[in-house]
Number of protein chains: 2
Amino acid sequence: MKKYILIGVIFYSQFGFSQNADSVVIKKIVDETMTHSTAYQNLRKLCKQAGPRLSGSPAFAKAVSLVSAMMKVVKPDTVYLQQCMVPHWVRGEKERGQIILSGGKKYDLNLCALGNSVGTGAKGITADIVEINSMQQLIELGSNGIKGKIVFFNFPMNPTYIRTFRAYGESGVSRTRGPSLAGKYGAAGAMVRSLASNLTDYPHTGTTVYNDSFPKIPAVAISTNDAEYLSSQLKRQKVKGYFRTTSKMLPDAVGYNVVAEIRGSQVPEEIITVGGHLDSWDLAEGANDDGSGVVQSVEVLRTLISLGIKPKRTIRAVAFANEENGLRGAQKYLEEAKSKSEKHLFAIESDAGGFTPRGFGLDMPATQMQKIFQWKNLFYPYGVYDLSAGGGGSDIAPLKAIGTALAGLIPDSQRYFDIHHAATDVFENVSERELNLGAANMAALIWLVSEYGL
Amino acid sequence: MKKYILIGVIFYSQFGFSQNADSVVIKKIVDETMTHSTAYQNLRKLCKQAGPRLSGSPAFAKAVSLVSAMMKVVKPDTVYLQQCMVPHWVRGEKERGQIILSGGKKYDLNLCALGNSVGTGAKGITADIVEINSMQQLIELGSNGIKGKIVFFNFPMNPTYIRTFRAYGESGVSRTRGPSLAGKYGAAGAMVRSLASNLTDYPHTGTTVYNDSFPKIPAVAISTNDAEYLSSQLKRQKVKGYFRTTSKMLPDAVGYNVVAEIRGSQVPEEIITVGGHLDSWDLAEGANDDGSGVVQSVEVLRTLISLGIKPKRTIRAVAFANEENGLRGAQKYLEEAKSKSEKHLFAIESDAGGFTPRGFGLDMPATQMQKIFQWKNLFYPYGVYDLSAGGGGSDIAPLKAIGTALAGLIPDSQRYFDIHHAATDVFENVSERELNLGAANMAALIWLVSEYGL
């Protein structure tokens, strides 16, 4: 009996001491970030000096040089580029579009070409509009109901989903797959309700994906306010639509991942990656998507270096190329890892906005997840309480193929889809403290993984 | 043994069933709010049609009529006013101020009179500036160091406090008590660094409290950017300050609490209050402070009524008068409760901004707190996980004297003090989904208390 008690006490003390010592380091990390972070100033530079920075654009090249410089300022062991070829889509002239009511009355639409979509040609497209509220409905209408028409995909985001990414995923099929399927049935074009959680006049762009077996038709996003109006008119009368876009895909261009690295002091061969993506849509400053993730990743390094922490494992901050319309940077990062036989222990991405953090989503074997769960209480004072399965990010996802444990920062998602892929995703819509708190929690998690492995 | 197991099973099942049935109702409540809330439109009206609405102002009267109308729209059993006398402070002419460096170079300050403060007189005040970083330092300097000078209270909010209200509380003494104490030592005036969590050009006003035993000196808030600049100059040279304010306290004016009530169907004598305050500072639209709390309280009633829920207990939404500079509405509400021998079971206030909710702070006996803790998992899907001791709100605090259990909504606090009491606290800085999610969680808690008591 006495022996058992003794073991219990020692065990408790060790655990208590360890957690306590860790919590002291983590408090230092968080304090450093909340007090001296340069993430917000870096984000301002990225948004205002580079600005919208779609893959292949001069602004993307400018962003590469800005972020390289930001990384060098924090004095990691090395900063380097990984070159890759990226799609080079251009929007062309400002889009125009209207709906024409039965009496001939015209109503101008707030619209924009969807990313990767083909243009209409100089004359534009004019056709009757047919509204679709589910992919099943499109299939049922088939060629008879669709041919020669403009298909209006009206898939509002479900407001009852508190995790708004769920609503984005459900309604998102209208944008990603809708136009191509409408092309299969002979549609002349596609108008897609913007994937926005609010009623607004701003159209939200984003990728549409063509199936190469089907005819490629031009596709635009219209604002949610316009979608509501169009839908209300279609309940009463036939409505014609018109739009003109000159967007097109050019030959692939050169892009870069930008990488900063602190070499591990004890287990340098094990690599931990923290990243976001450097490209943004061409209509947006890409402050939340994903300038935030980029500057937070740099801030993780800055914080650790400023505190004089020598991480046991190698830590890399990566600004990935081409997340929005190709994922070529992500593929390149995996290729490099494979060709150098690198051991990638852990990777975390911040690509859900620079909002106040609530958790980490985890994608790894149960034994590793359990280890991270044990650290849960260490994050609680800093607003992170939700450690759960299912996470990662588009840019780190390929690393799963080489056994890397993946995680994603989960910020509060209520505001994200108000501004996502729209002209309203600007620096001014990021809160400095929220941005820093996300960086601080990632730095804490990365330090723990570096210290204890997985 | 068998008997024990049986009891265990029944108990478990009942608990399981109950929580499950409750979670179904709560999902209906949240879905209704997230889908059909009118809180955001109501907030727009309050901010744009009434606007800044300090006690005693015509705008406050306008706000009373707007909120009465909003309440009537949702068709509660009754809407009524509680009249009370409120302080009537006016800012007067636009304030002016400068610092004058040794060489005579002048630098204009972004400043505003503190609420309730006396004016300088037409000529303003010119005096040497002395910087103070703690109340202890002020006391140590005493009359010798202070007399005839302008005391510059430079108490930055501590950026490492994740709960920013803690930093506000710590630094807040500079604004609330600083000027009066400086007056005791013969200071000519006080300049207080704005209680802001960011570096900005906007001054943040707020109440200063005079001790009637000390001379009352004029007091202004200067922007955090100006405070940084002034402090940096004071490290190098003597600096003179000048400011001119014409603010003054007028005789008390008439104010009102606005109350909407749903009569309880089974225990009508037990009253549950949900509230926010109707007044705001005169420089701000008072969107987060505290238009949010007002429209959320109305939304709680709207949601329950729309769903056809007949609460067992009486539920009141209250828009309190005069939180910012007097708390007369709060006192009036208590007086009415006492004079009518009302039984106030529970009261919750939302007065920490319309941001994404994280928890409820609870101020009540342990047995009641335990009951609410049992409901914790019911809120988790909706972002509320932090149920902890310490909460309430200024307007409901007096109800403690008659044994009311108190609670406060805890929204995320990272953004609040960027805009609190400043011209930037406008409608545009509130997110519709965040606002609604706060209302939804309060409606759920109120429904539970109404259903089960405490």
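Residues numbered from 1 in each chain as written. Chains lettered and ligands numbered in written order. Predicted model: local features only at pLDDT ≥ 70, side-chain atom pairs only at ≥ 80, totals over all residues.

Focus on the interface of chain A and chain B
So, point 1. With 22 residues of chain A at the interface, the matching set in chain B holds 22 residues.
So, point 2. Elements represented by at least two residues in the side of chain A that touches chain B include exactly helix H1 (2-36) and helix H13 (432-452) of chain A.
So, point 3. A per-element tally of the side of chain A that touches chain B places H13(A) first, with 4 residues.
So, point 4. Looking at the side of chain A that touches chain B, its residues break down into 7 nonpolar, 8 polar and 7 charged. (Contact = placed C-beta atoms within 7 Å. Helix = DSSP H or I, 4+ residues; strand = E, 2+ residues; numbered from the N terminus. Nonpolar A, V, L, I, M, F, W, Y, C, P; charged D, E, K, R; others polar.)

Overview of the sheet that holds strand S12 (residues 313-320) of chain A
In sheet architecture, strand pairing relies on hydrogen bonds along the backbone and comes in two forms, parallel and antiparallel.
Residues and elements named next belong to chain A.
So, point 1. One open sheet holds the 8 strands; their spatial order is S1-S10-S12-S11-S13-S16-S14-S15, and the pairing between them is mixed. Of all strands in the sheet, those with a lone pairing partner are strand S1 (78-90) and strand S15 (386-389), marking the two edges. Averaged over all pairs of adjacent strands, the angle between their axes in this sheet comes to 20°, without regard to strand direction.
So, point 2. Along the sheet, helix H8 (residues 287-306) makes contact with strand S10 (248-262), strand S11 (267-277), S12 and strand S13 (343-349), crossing S11 at roughly 145°.
So, point 3. The strands touched by helix H10 (residues 366-373) are strand S14 (357-363), S15 and strand S16 (405-411); relative to S15, the strand with the most contacts, the crossing angle is about 175°. (Pairing = 2+ DSSP bridges. Axes fitted to C-alpha atoms, helices over the stretch in contact; angles between N-to-C directions.)

A look at the relation of the copies chain A and chain B
So, point 1. Relative to chain B, chain A is turned by 180° and slid 0.0 Å along the rotation axis, the superposed coordinates differing by an RMSD of 0.0 Å. Both chain copies can therefore be described as sitting about a two-fold axis. Measuring from the rotation axis to each C-alpha of chain A, the shortest distance belongs to Tyr385(A), at 4.1 Å.
So, point 2. Mapped onto chain B, 100% of the interface residues of chain A are again interface residues, and the two copies thus contact each other with one and the same surface. (Least-squares fit on C-alpha atoms with pLDDT ≥ 70 in both.)

What to know about the pairing of S12(A)
Remark: a regular strand shows side chains that alternate across the two faces of the sheet.
Residues and elements named next belong to chain A.
So, point 1. A large share of S12 lies buried, amounting to 8 of its 8 residues.
So, point 2. In this structure, S10 lies alongside S12, joined through 5 bridges in antiparallel fashion. In the sheet register, valine 259 faces S12, and the bridge partner there is valine 318.
So, point 3. For S11 and S12, the ladder comprises 8 bridges, and the chain directions are parallel. In the strand pairing of S12, valine 267 is matched with arginine 313.
So, point 4. For the segment spanning S11, H8 and S12, crossover handedness is right-handed. (Buried ≥ 20, exposed ≤ 12 C-beta atoms within 10 Å, placed from the backbone. Right-handed = clockwise from strand over helix to strand, strands pointing away.)

Brief notes about the nonpolar core
A general tendency of soluble globular proteins is for nonpolar side chains to be buried together.
So, point 1. Within the largest apolar cluster, 132 residues are counted, with the highest numbers of intra-cluster contacts made by Val67(B), Val151(B) and Ile446(B).
So, point 2. Looking at this core, the element that brings in the most residues is helix H13 (residues 432-452) of chain B, giving 12 residues.
So, point 3. Counting residues domain by domain, this core receives three or more from each of domain 1 (26-89 + 251-452) and domain 2 (94-246) of chain B.
So, point 4. When sequence neighbours within four positions are dropped, the list of residues in contact with Val151(B) reads Val130(B), Ile132(B), Leu138(B), Ile146(B), Ala182(B), Ala187(B) and Ala190(B).
So, point 5. With 131 residues, the next largest nonpolar core counts Phe153(A), Ile222(A), Ala284(A) and Leu409(A) among its residues. (Core = buried A, V, L, I, M, F, W, Y, C linked by C-beta atoms within 7 Å. Domains from an automatic or database assignment.)

Some details on the domain arrangement of chain A
Residue and element names in this part refer to chain A.
So, point 1. Partitioning chain A into structural domains gives domain 1 (24-88 + 251-452) and domain 2 (95-249).
So, point 2. Centre-to-centre separation of domain 1 and domain 2, based on C-alpha positions: 33 Å.
So, point 3. Counting residues at the interface gives 15 residues for domain 1, matched by 19 residues for domain 2.
So, point 4. Top contributing element to the side of domain 1 that touches domain 2 by residue count: helix H12 (residues 416-419), with 3 residues.
So, point 5. Of the residues that constitute the side of domain 1 that touches domain 2, the class distribution is 7 nonpolar, 6 polar and 2 charged.

Quick look at the packing of helix H2 (residues 39-50) of chain B against helix H8 (residues 287-306) of chain B
Residue and element names in this part refer to chain B.
So, point 1. Running from N to C, H2 and H8 point in directions that differ by 135°, and their axes come no closer than 9 Å. Judged on the interaxial angle alone, H8 and H2 are oblique. The chirality of how H2 crosses H8 is right-handed. Across the interface between the two elements, Ala39, Asn42, Leu43, Leu46 and Cys47 from H2 touch Ala287, Gly291, Ser292, Val294, Val295, Gln296, Val298 and Glu299 from H8. (Parallel < 35°, antiparallel > 145°, perpendicular 65-115°, else oblique. Left-handed = near helix turned anticlockwise from the far one by under 90°.)

Here we look at the packing of H2(B) against helix H3 (residues 58-73) of chain B
A pair of packed helices is characterised by two quantities: the angle between their axes and the separation of those axes.
Residues and elements named next belong to chain B.
So, point 1. Where H2 contacts H3, the axes come no closer than 9 Å and their chain directions differ by 155°. One finds that H2 runs roughly antiparallel with respect to H3. Classified by chirality, the crossing of H3 by H2 is right-handed. On the side of H2, the interface is formed by Asn42, Lys45, Leu46, Gln49 and Ala50, while H3 contributes Ala59, Lys62, Ala63, Leu66, Val67 and Met70.
So, point 2. Across the contact of H2 with H3, the residue classes tally to 7 nonpolar, 2 polar and 2 charged.

Considerations on the environment of Ile396(B)
Residues and elements named next belong to chain B.
So, point 1. Of note, isoleucine 396 is situated in the loop between strand S15 (386-389) and strand S16 (405-411).
So, point 2. Separated by 274 residues in sequence, isoleucine 396 and alanine 122 have C-alpha atoms that sit 40 Å apart.
So, point 3. Aside from chain neighbours lying at most four places away, what touches isoleucine 396 is Thr273, Gly275, Ala347, Glu349 and Leu406.

So, the environment of Thr205(B)
So, point 1. For Thr205(B), the location among the structural elements is in the loop between strand S7 (189-193) and strand S8 (219-222).
So, point 2. In this structure Thr205(B) touches Cys112(B), Leu114(B), Gly115(B), Ala221(B), Trp281(B), Leu283(B) and His421(B), once residues within four positions along its chain are discounted.

Let's talk about the confidence of the model for chain A
Residues and elements named next belong to chain A.
So, point 1. Predicted confidence across chain A gives a mean pLDDT of 95, with 96% of residues reaching 70 or more.
So, point 2. Low pLDDT (under 50) marks residues 1-17, which in the prediction has 0 contacts with non-local residues, meaning those over four places away or in another chain.
So, point 3. Here the prediction assigns the complex a pTM of 0.95, and the interface score ipTM is 0.95. (pLDDT = per-residue confidence, 0-100.)

So, helix H7 (residues 224-234) of chain B
Residues and elements named next belong to chain B.
So, point 1. Within H7 the residues assigned to the buried category are Thr224, Asp226, Ala227 and Leu230. Seen along its axis, H7 keeps its buried residues to an arc of 150°; they face one direction.
So, point 2. On its buried face, H7 sits against strand S2 (96-100), strand S6 (150-153), S7 and S8. (Arc of directions from axis to C-beta.)

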